[in-house]
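Single-letter residue listing:
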Amino acid sequence: MSLLQVRDLYAGYGATQVLRGISLDVRAGEIVALLGANGAGKTTTLRALSGLISARGQMLFDGLDIGTIHPARRVALGLAHVPQGRGTFGDFTVEDNLALGAYTVASRRQIAIDMARWFEVFPKLGERRRQRAAWLSGGEQQMLAIARALMSRPRMLMCDEPSLGLAPSVTQEMFRVFERINLEYGTTLVIVEQNADLTLRLAQRAYVMETGEITLQGDSKELLVSPAIQQSYLGA
Amino acid sequence: MQLLIQQIVDGLAAGAIYAALALALVLIFGATRIVNFGQSEIATFCAFLAWQLCEWGMPIALALAVSAILAFVLGAALFQLVVRPVSRASVETVVVVTLGLFLAFQALCLWLWGADQRTFPALFPAGGWIVAGVRLTAYNMGVLGVLCALALSLAALFRFTRLGLGLRAAAADVDKSTIVGIRVDGMLMLGWGLASVVGFVAAVLVAPRLFLSPIMMAPVLVYALAAATLGGWTSAIGAVVGGLLIGVAESVGATFLPFIGSELRLLIPLALTLAVLLLRPQGLFGQQMAVRV
């Protein structure tokens, strides 16, 4: 059964309709890429799923219709969202950012254990735990945003353009972390990216969006060599 | 010299009250970027509630506790029912709404209890101490003590508790708070409730000094607005320091500047605030705010 099942999803901002009836499935434990050009509706899809904007259509998460559930409670159900850009609280310390990530976790002990674990995975965050997030480098802030989302112990982690503005070596390090999280903890990943090459190598399946609709989907190894993808996204 | 110290001590006590109300204003501004001009009159209304409960025979401590709870509920309800629906409107609209709260609660007090002055029960004993020729009344020391306790407990709430972390996050960024699982509206309601309690404390400190009356807090609001501006609207420490500074400046200025006397003393805090803002537009402790256009 799908962990996430989306059917005929419509969403937008005010009078502007961005999503025009998209449908997609994500199975538990899978890594799924969501590709497409700027303005295709990738970010809007994630914002609709986490409840930052209202949407019409069906969104089933683990069989529950999350469209009617308060956004704050979706986090407790296991849906985590790393928004585009600086997904951190800049004026808050690294530790406070992680504590906020665990806002839906009741047990203090569990929070302490999780925090220690992510400091091990992201050693630079541990060194700077009492510094304000705004003082970290771009890559460290993105790592912090991901660690913050993981603190809620999500079943599904959605990342919006995590490589945006990062050096290639930092991006690769981050993708290795994604792989590790998926393997060790079985966390399902949905990754929105413009960097199609790297993302398709990480993901098992991919959806391609254009102007608010899903135009292509399939196994990412096949998409990687498909002429349509080569032309539009890999610059071949 | 003795006279100067005496004026400073008296000024600090008056300033503590301005600081308490300024704290309430800054709490709300920090959470919702709204200046609540109705804060002082909501506080007066709650002080009247406490007085009424005493009149009906309730012991003063219990009456204060019950009124503090009512103040919390009232603040939260006002946010939810009156302020939240207009919170996305223009600044002018919101200012008119909170000024409306000022007028509404003043009118409500006048209607329910009339314009007569009432004697509020004394919270501190009448006596005091003379230390090196300076008179320290129990009332003045009590007021300063209450302000310290208030400021420290708020600081502890925001610094060390999960609720405080959530309140700070909700004030900082609505979207990011939502995606970590914070119910932002609930937090803002809590913030308004909390501010209402803090304002109530200020009113309870004023009432025994002046007599309880529907207009007793209006001048305090002017001073508290000046204190919050002086301290920079984004800083709780700024509100406390601003309030104390203004209290001292008023008291010392009125005594030592012969041309001011008692008629012009209301202008001292405003002059002080103006002078500071010319040098530091963001206030003493405020952060420069970037305005996104």
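Residues numbered from 1 in each chain as written. Chains lettered and ligands numbered in written order. Predicted model: local features only at pLDDT ≥ 70, side-chain atom pairs only at ≥ 80, totals over all residues.

**Student:** Help me out: how do you make sense of the overall build of chain A in this one?
**Tutor:** Looking only at helices and strands, one finds ten helices and ten strands in chain A. Over its C-alpha atoms chain A spans a radius of gyration of 17 Å, differing by no more than 12% from the 18 Å that the globule rule assigns to 236 residues. Taken along its principal axes, the extent of the C-alpha atoms in chain A is 45 × 40 × 35 Å. When the 236 residues of chain A are sorted by exposure, 45% land in the buried category. Long-range pairs, those at least 24 residues apart, make up 67% of the contacts in chain A with a sequence separation of at least 6. (Helix = DSSP H or I, 4+ residues; strand = E, 2+ residues; numbered from the N terminus. Rg over C-alpha atoms; globule rule 2.2 N^0.38 Å. Buried ≥ 20, exposed ≤ 12 C-beta atoms within 10 Å, placed from the backbone. Contact = placed C-beta atoms within 7 Å.)

**Student:** Is there a simple way to think about the overall build of chain B in this case?
**Tutor:** Of the regular secondary structure elements, chain B holds eleven helices and two strands. Taken from the N to the C terminus, the helices and strands of chain B come in the order α-α-α-α-β-β-α-α-α-α-α-α-α. For 293 residues, the compact-globule estimate of 2.2 N^0.38 gives 19 Å, and chain B sits close to it at 19 Å. Reported as C-alpha extents along the three principal axes, the dimensions of chain B are approximately 60 × 50 × 35 Å. Partitioning the intrachain contacts of chain B with sequence separation of at least 6 by distance along the chain shows that 73% fall at a separation of at least 24.

**Student:** Can you help me understand the interface of chain A and chain B in this one?
**Tutor:** By a widely used convention, the size of an interface equals the accessible area lost when the partners come together. Each side of the interface is counted separately: chain A has 19 residues, and chain B has 13 residues. Taken together, the elements giving at least two residues each to the side of chain A that touches chain B come down to α2 (71-77) and α3 (94-101) of chain A. Grouping the constituent residues of the side of chain A that touches chain B by class yields ten nonpolar, seven polar and two charged. (Nonpolar A, V, L, I, M, F, W, Y, C, P; charged D, E, K, R; others polar.)

**Student:** Explain helix α4 (residues 91-113) of chain B to me, please; I cannot follow it from the model alone.
**Tutor:** Note that an α-helix has 3.6 residues per turn; residues three or four places apart therefore point the same way. All names here are of chain B. Look at α4: 33 Å from first C-alpha to last across 23 residues, which is about the 33 Å you get at 1.5 Å a residue. Considered for burial, the residues of α4 that qualify are Val-94, Val-97, Phe-105, Gln-106 and Cys-109. Buried positions along α4 lie against α2 (39-55) and α3 (60-83). Directly after α4, the chain includes Gly-114, whose backbone phi takes a positive value near 75°. (Expected span 1.5 Å × (residues − 1).)

**Student:** Any chance you could explain the packing of helix α1 (residues 2-32) of chain B against helix α5 (residues 138-160) of chain B here in plain terms?
**Tutor:** Describing two packed helices takes the angle between their axes plus the distance from one axis to the other. Residue and element names in this part refer to chain B. Look at α1 against α5: their axes get within 9 Å of each other, and the N-to-C directions meet at 35°. Both α1 and α5 take part in a crossing whose hand is left-handed. Each of Val-9, Asp-10, Leu-12, Ala-13, Ala-16, Ile-17, Ala-19, Ala-20 and Leu-23 in α1 lies in contact with α5, whose residues at this interface are Asn-140, Val-143, Leu-144, Leu-147, Leu-150, Ala-151 and Leu-154. For the contact of α1 with α5, the residue count by class is 14 nonpolar, one polar and one charged. (Axes fitted to C-alpha atoms, helices over the stretch in contact; angles between N-to-C directions. Left-handed = near helix turned anticlockwise from the far one by under 90°.)

**Student:** Explanation requested: the pairing of strand β4 (residues 55-61) of chain A in the structure shown.
**Tutor:** Regular strands place side chains that alternate from one sheet face to the opposite one. All names here are of chain A. Direction of pairing for strand β1 (residues 2-13) relative to β4: antiparallel, over a ladder of six bridges. Of the residues in β4, the one forming a bridge with Gln-5 is Leu-60. Judged from the two bridges that link them, β4 and strand β5 (residues 64-65) form a sheet pairing that is antiparallel. Note that in β5 the partner of Phe-61 across the bridge is Leu-64. Here β4 folds back onto β5 in antiparallel fashion, the turn holding two residues, of which Asp-62 has a positive phi close to 55°. (Pairing = 2+ DSSP bridges.)

**Student:** Sorry if this is basic, but what is going on with α1(B) here?
**Tutor:** All names here are of chain B. Taking 1.5 Å per residue as the helical rise, α1 with its 31 residues ought to reach 45 Å, and the 44 Å between its terminal C-alpha atoms agrees with that figure. Burial within α1 is extensive, with 22 of its 31 residues counted as buried. Positive backbone phi, approximately 55°, marks Arg-33, located one or two places after α1.

**Student:** Sorry if this is basic, but what is going on with the sheet that holds strand β3 (residues 31-36) of chain A here?
**Tutor:** Strands in a sheet are paired, the pairing made by backbone hydrogen bonds, and the direction either parallel or antiparallel. Residue and element names in this part refer to chain A. If you trace the six strands from one edge of the open sheet to the other, you get β6-β7-β8-β3-β9-β10, paired in mixed fashion. Whereas interior strands pair on both sides, the edge strands pair on one side only; in this sheet they are β6 (79-82) and β10 (213-219). The sheet shows a mean angle of 15° between the axes of neighbouring strands, direction not considered.

**Student:** Just to check I follow, could you spell out the environment of Leu194(B) for this structure?
**Tutor:** Residues and elements named next belong to chain B. Relative to the helices and strands, Leu-194 resides in helix α8 (residues 184-210). Assessed through the 23 C-beta atoms surrounding it within 10 Å, Leu-194 is described here as buried. With 148 residues separating them in the primary sequence, Leu-194 and Cys-46 have C-alpha atoms 13 Å apart.

**Student:** Mind showing me how you'd approach the domain arrangement of chain A here?
**Tutor:** All names here are of chain A. Looking at the assigned domains, one finds that chain A contains domain 1 (1-78 + 155-236) and domain 2 (86-153). At the interface, twelve residues of domain 1 touch ten residues of domain 2. Mapped by element, the contributors of at least two residues to the side of domain 1 that touches domain 2 are α2, β7 (156-160) and α7 (168-185). Counting residues per element, the side of domain 1 that touches domain 2 draws most heavily on α7, which supplies four residues. Per-class residue counts for the side of domain 1 that touches domain 2 are eleven nonpolar, one polar and no charged. (Domains from an automatic or database assignment.)

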